[in-house]
Amino acid sequence: MDPAEVEFLAEKEPVTVIPNFSLDKVYLIGGDLGPFNPGLPVDVPVWLALNLKQRQRCRIVPPAWMDVEKLEELRDLERREEAFSPVPSPYYMELTKLLLNYASDNIPKADEIRTLVKDIWDTRIAKLRLSADSFISQMEAHAKLDNLTLMEINTVRVFLLDSLNCMYKLRSNLQPDICNCDFFFFISY
Amino acid sequence: MSDALSDDGSDINQDDSQEDTMTPAELIVKLEEAWLNEKFSPELLENKSEVVECVMEQLTHMEANLQRVKKGDAKAGIHRMEIDRIRFVLSSYLRSRLQKIEKFFPHVLEREKSREDGEASLLSPEEFAFAKEYYANTETYLKAVALKRMPPNLQTVDMLKAVPEPCLDSFVFLRVKERQENILVEPETDDQREYVVDLEEGSQHLMRYRTIAPLISSGAVQLI
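Analysis parameters
- Residues numbered from 1 in each chain as written.
- Chains lettered and ligands numbered in written order.
- Predicted model: local features only at pLDDT ≥ 70, side-chain atom pairs only at ≥ 80, totals over all residues.
- Heavy atoms only, no water.
- UniProt positions renumbered as here; feature names shortened; annotations may be inferred.
- Phe/Tyr/Trp six-rings, centres within 6.5 Å; stacked < 30°, edge-to-face > 60°.
- Helix = DSSP H or I, 4+ residues; strand = E, 2+ residues; numbered from the N terminus.
- Buried < 20%, exposed > 50% of the residue type's maximum accessible area, 1.4 Å probe, protein only.
- Lys NZ or Arg CZ within 6 Å of the ring centre and 35° of its normal.
- Salt bridge = Lys/Arg side-chain N within 4 Å of Asp/Glu carboxyl O.
- Contact = heavy atoms within 4.5 Å.
- Buried area = accessible area lost by both parts, 1.4 Å probe.
- Polar contact = N/O pair within 3.5 Å; in protein donor to acceptor, adjacent residues only side chain to side chain.

Under an unreviewed UniProt entry, chain B has the name DNA replication complex GINS protein SLD5 and belongs to Mola mola. Under the Function (unreviewed entry) heading, UniProt states for chain B: "Required for initiation of chromosomal DNA replication. Core component of CDC45-MCM-GINS (CMG) helicase, the molecular machine that unwinds template DNA during replication, and around which the replisome is built."

An unreviewed UniProt entry lists chain A under the name DNA replication complex GINS protein PSF2, from Mola mola. Here is the UniProt Subunit (unreviewed entry) comment for chain A, exactly as written: "Component of the GINS complex." According to UniProt, the comment filed for chain A under the heading Subcellular location (unreviewed entry) is "Nucleus".

Next comes the structure, spelled out in structure tokens:
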């Protein structure tokens, strides 16, 4: 999956905005939005929030977890624990990136938040690499991956799954009748 | 203008309740689930032509409404953006199915042939036509460029053997939507023993596709 597609999914998350215009309820296929009144907070999907923000039609209210103190706690917890700790949002990385890139003037201490989220991400990815390594070296057949987000899974997906497949083929070729999957696609165009 | 668009919501709901009890929002969720499942499963899944048709209907309906709206209307812009997003998911879904059909065409057609009456087809009628044509074209092409220059005893090629089957033993990532008990995990090596796991609702796992393939069509797990 392309990282942009994960970001696409993240853009469906709701975020609170304070519009500076008024508009009746909008009946979208995916659900109703609004009504919009100047100064009154309203929940919209991130894709719309960013669009309104870019046209300077609203102010974005950062999600509650996007706060230096809370993120510091999370970072320390993440560093302390060996397992993956729960994340504040299944799309924390993508949302941080999107909101900070397009609405950093609405988010207090944007730079600190960026660094903290990056720290959390780095710690988690390091854990993920370690556990992928032990998964492969112990030749496990099942792993539980609670608290991992889609973006994190996506960063290891292609490499991990391809290596697992390759190893499986190499191993099963020792016992020929197990797998019919061929190494090569014979008719390649 | 606002009338044309405000009517939408209720119109669509009525349309839908006649053929199905799904709301348009649920329909979009279904499409997204089908999209992700199709993207990540190694083999071609059952076609969801019902969902595809309903979504298409919603899109054409909404686009028809937008035709009647003046340019530069704030609501119309929002609707257009949503339509573009849904259209992206829809085409990405259909595209990933076509890619799999191209990759596994002899096996897909073989499965279609051995299908019993009453059993749901993997392919939509359009996809079936595409697969058949793809098969014929590939065969003609191979004949034209290579096979007819071969010695007579080597002039046939068995597509079923020449094209690899989908590898059902690949690993997949999944999220559990309905709790499952006693899922058998086969051992990787001979000196390991098989064991069972319970899949708790909301938990995420990495395991072989073959083990959980039936749970995807029943909707109990979602590939991620």
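K.L.:
Can you help me understand the packing of aromatic side chains in this one?
P.N.:
Two numbers describe a pair of aromatic rings. These are the distance of the centres and the angle of the planes. Scanning the entire structure with this criterion turns up eight aromatic pairs over all chains. Geometrically, the ring pair formed by Phe 8 of chain A and Phe 88 of chain B is tilted, given 4.9 Å between the ring centres and 55° between the ring planes. Placement of the pair is Phe 8 of chain A in helix H1 (residues 3-10) and Phe 88 of chain B in helix H4 (residues 74-113), with the two residues belonging to separate chains. For Phe 8 of chain A, a relative accessible area of 11% gives the class buried. Each member of the aromatic cluster is reached from another via a ring pair, and the members are Phe 105, Phe 130, Tyr 134 and Tyr 135 of chain B. Taking the ring centre of Phe 84 of chain A as reference, the NZ or CZ of Lys 127 of chain A above it sits at 5.9 Å. Seen from the ring of Phe 8 of chain A, Arg 85 of chain B lies directly overhead, with NZ or CZ sitting 4.2 Å from the centre.

K.L.:
Explanation requested: the pattern of salt bridges in the structure shown.
P.N.:
Oppositely charged side chains are able to pair whenever their charged atoms sit close together. By the definition in use, this model includes 26 salt bridges over all chains. The salt bridge partner of Arg 87 of chain B is Glu 63 of chain B, with a shortest N-O separation of 3.1 Å. In this pair, Arg 87 of chain B is assigned in helix H4 and Glu 63 of chain B in helix H3 (residues 49-67), connecting sequence segments 24 residues apart. Residues joined in a network through salt bridges with shared partners are Arg 75, Asp 76, Arg 79 and Asp 119 of chain A.

K.L.:
Which parts of the structure should I look at to understand the interface of chain A and chain B?
P.N.:
Reports often express the size of an interface as the amount of accessible area lost when the parts come together. The interface of chain A with chain B comprises 49 residues on the first partner and 57 residues on the second. Roughly 4,900 Å² of surface becomes buried between chain A and chain B when both sides are summed, with 68% attributable to carbon and sulfur atoms. Per-residue buried area on chain A facing chain B is highest for Phe 8, Ile 29 and His 142 of chain A; these three make up 16% of the total on that side. At the boundary of chain A and chain B, one finds three salt bridges. Between Arg 85 of chain B and Glu 11 of chain A there is a salt bridge, with the nearest N and O atoms lying 2.8 Å from each other. One can count 15 residue pairs in polar contact (both at pLDDT 80 or more) joining chain A with chain B.

K.L.:
I tried to follow the environment of Ser 22 of chain A on my own but got confused; where do I start?
P.N.:
Residues and elements named next belong to chain A. Relative to the assigned elements, Ser 22 resides in the loop between strand S1 (14-19) and strand S2 (26-28). Note on Ser 22: relative accessible area 51%, which makes it exposed. Taking the C-alpha atoms as reference, Ser 22 lies 44 Å from Val 156; in sequence the two are 134 residues apart. Setting aside residues up to four positions removed in sequence, Ser 22 forms contacts with Phe 36, Asn 37 and Pro 38.

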